[in-house]
Amino acid sequence: MDDLTEPTIDDRAFLDGETPALRLVSLLEFISTRDQIFTLQSLVVQTGLPKPTLHRMLQQLEGAGLLMRHSDGRHYGTGARLRRMAEDVLLNDSRQGARRMILSQLSEEIGESCNLTAVSGNDVIYLDRVETSHPLRVHLEAGSRVPIHASASGKVITSQYGDTPRRRLLTSAELTAFTPNTVTDPEALDAELDSVRELGYALDRQEYLEGLVCLAVLIPTDVGRSNQALAIQAPVLRKSIDDLVELLPVVQAAAQRMAVLDEIDRDDAAESSA
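Residues numbered from 1 in each chain as written. Predicted model: local features only at pLDDT ≥ 70, side-chain atom pairs only at ≥ 80, totals over all residues. Heavy atoms only, no water.

**Student:** Where do I start with empty space enclosed by the protein in this structure?
**Tutor:** Taking a probe equal in size to a water molecule and rolling it over the atoms shows the remaining empty space. Summed over all chains, the structure comprises two cavities of 30 Å³ or more. Here the largest cavity is characterised by a volume of approximately 110 Å³. For the largest cavity, the lining is made up of 17 residues, of which Tyr 126, Val 146, Ser 151, Asp 204 and Gln 233 are closest to its centre. Contributing elements (two or more residues each) for the lining of the largest cavity: strand S4 (113–120), strand S5 (123–130), helix H6 (152–158), strand S8 (212–218) and strand S9 (228–235). Per-class residue counts for the lining of the largest cavity are 11 nonpolar, five polar and one charged. (1 Å grid on protein atoms, 1.4 Å probe; cavity = no way out; pocket = protein on both sides within 12 Å on 5 of 7 lines; lining within 4 Å. Points joined across faces, edges and corners; volume = space filled by probe spheres on them. Helix = DSSP H or I, 4+ residues; strand = E, 2+ residues; numbered from the N terminus. Nonpolar A, V, L, I, M, F, W, Y, C, P; charged D, E, K, R; others polar.)

**Student:** Quick question: what am I supposed to make of the side chain of Thr 117 here?
**Tutor:** Among the secondary structure elements, Thr 117 is positioned in strand S4. In this structure the side chain of Thr 117 is engaged in a polar contact, spanning 3.0 Å, whose partner is the side chain of Ser 153. For Thr 117, the residues in contact, after removing those within four places along its chain, are Val 124, Ile 125, Tyr 126, Leu 127, Ser 153, Ile 157, Asn 227, Gln 228 and Ala 229. (Polar contact = N/O pair within 3.5 Å; in protein donor to acceptor, adjacent residues only side chain to side chain. Contact = heavy atoms within 4.5 Å.)

**Student:** It is not clear to me how the nonpolar core should be interpreted in this structure. Could you clarify?
**Tutor:** Side chains of nonpolar character tend, in soluble globular proteins, to be buried together. Judged by nonpolar contacts, the single largest core of 28 residues is most densely connected at Leu 103, Leu 106, Leu 215, Val 217, Ile 219, Leu 230 and Ile 232. With seven residues, the single largest contributor to this core is helix H10 (residues 248–273). The contacts of Ile 219, once residues within four sequence positions are left out, are Leu 116, Ser 226, Gln 228, Ala 229, Leu 230, Ala 255, Met 258 and Ala 259. One finds Ile 148, Ala 173, Ala 202 and Ala 216 within the second-largest nonpolar core, a separate group that totals 21 residues. (Core = buried A, V, L, I, M, F, W, Y, C linked by side-chain atoms within 4.5 Å. Buried < 20%, exposed > 50% of the residue type's maximum accessible area, 1.4 Å probe, protein only.)

**Student:** What should I look at first to understand the pattern of salt bridges in this one?
**Tutor:** Two side chains of opposite charge can pair, provided their charged atoms sit close to one another. Summed over the entire model, instances satisfying the criterion amount to 12 salt bridges. Between Asp 128 and Arg 99 there is a salt bridge, with the nearest N and O atoms lying 4.0 Å from each other. Of this pair, Asp 128 sits in strand S5 while Arg 99 sits in helix H5 (residues 96–110), placing them 29 residues apart in sequence. Each member of the pair Asp 128 and Arg 99 is classed as buried. The salt bridge partner of Arg 145 is Asp 123, with a shortest N-O separation of 3.9 Å. Taken together, the residues span a long stretch of sequence, with Arg 145 in strand S6 (residues 145–147) and Asp 123 in strand S5 at a distance of 22 residues. (Salt bridge = Lys/Arg side-chain N within 4 Å of Asp/Glu carboxyl O.)

**Student:** Which parts of the structure should I look at to understand the environment of Arg 100?
**Tutor:** Of note, Arg 100 is situated in helix H5. C-alpha separation for the pair Arg 100 and Cys 114, spaced 14 residues apart in sequence, amounts to 9.8 Å.

**Student:** Sorry if this is basic, but what is going on with the sheet that holds strand S2 (residues 67–69) here?
**Tutor:** Pairing within the open sheet is antiparallel, and its three strands lie in the order S1-S3-S2. Looking at which strands have only one partner, the edges of the open sheet turn out to be strand S1 (38–39) and S2. The pairing of S2 with strand S3 (residues 75–78) spans three bridges and is antiparallel. By the bridge assignment, Arg 69 is partnered in S3 with Tyr 76. (Pairing = 2+ DSSP bridges.)

**Student:** Quick question: what am I supposed to make of the sheet that holds S5 here?
**Tutor:** Strand pairing within a sheet occurs via backbone hydrogen bonds; the two strands may be parallel or antiparallel. Pairing within the open sheet is antiparallel, and its six strands lie in the order S6-S5-S4-S9-S8-S7. Sheet topology places S6 and strand S7 (202–205) at the edges, where each strand pairs with a single neighbour. In this sheet, neighbouring strand axes are inclined to one another by 30 degrees on average, regardless of whether the strands run parallel or antiparallel. (Axes fitted to C-alpha atoms, helices over the stretch in contact; angles between N-to-C directions.)

**Student:** Sorry if this is basic, but what is going on with the environment of Leu 230 here?
**Tutor:** By secondary structure assignment, the location of Leu 230 is in strand S9. Of the residues examined, Leu 230 reaches a relative accessible area of 0% and is grouped as buried. Taking the C-alpha atoms as reference points, Leu 230 and Val 217, separated by 13 residues in sequence, lie 5.5 Å from one another. Not counting the four nearest positions on each side in its chain, Leu 230 is found in contact with Leu 103, Leu 106, Asn 115, Leu 215, Ala 216, Val 217, Ile 219, Val 251, Ala 254, Ala 255 and Met 258.

This is the structure in structure tokens:
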């Protein structure tokens, strides 16, 4: 079912904002926390706002390119402009120096390349990366993209998706075979995402580049879902899949340090508004 499930009155979201512009921002914030496409009617149920009011707000957001209407004319999703804004915020995050230090410490500890990533559309985007000092390495810059299905980061992030967005990803995205190891069967990939969700980490078994293996974990959040992952990569000449799995506790500890940066920002914001 594509529409959001109907909540009780107590579960309804109330859009804060003293001005119409702030209420539009509040609506975008509400929509961004959902992993499903939605209709005007489902938002009426979710927010309790009058249908004409929500219709006008959706028209404004669609006209600005922040939301887009799907081909059936009823369902809405995030627009290209909103996704670009989200990417720019992540790429130019004020915490970049602190998170890069964590990446550098992890890279030095394990002796391999490390990266911070997020999902955007059907791709994984590299937000930051620290390369190993070894001469044998793969060079990828911040802003580089790789397909979700051939990426450990993509798999660990999308393993959190509900049935509807996961089905949409598996049926709409082109599951290109980059190597003989790339998983291109939707059912097999769906089963792997279930396993990833249970294990808490994902692997790239030479699925994007032959000779390169990867392990990724989520950056923890206090909202139960994360769109950022921390990953380590290594050539199979130096590290096997088993070697990467043995490093899991080290990677998880670094991911937890990344999460603390968010907690500090929230505490600072709360103190500033007090």
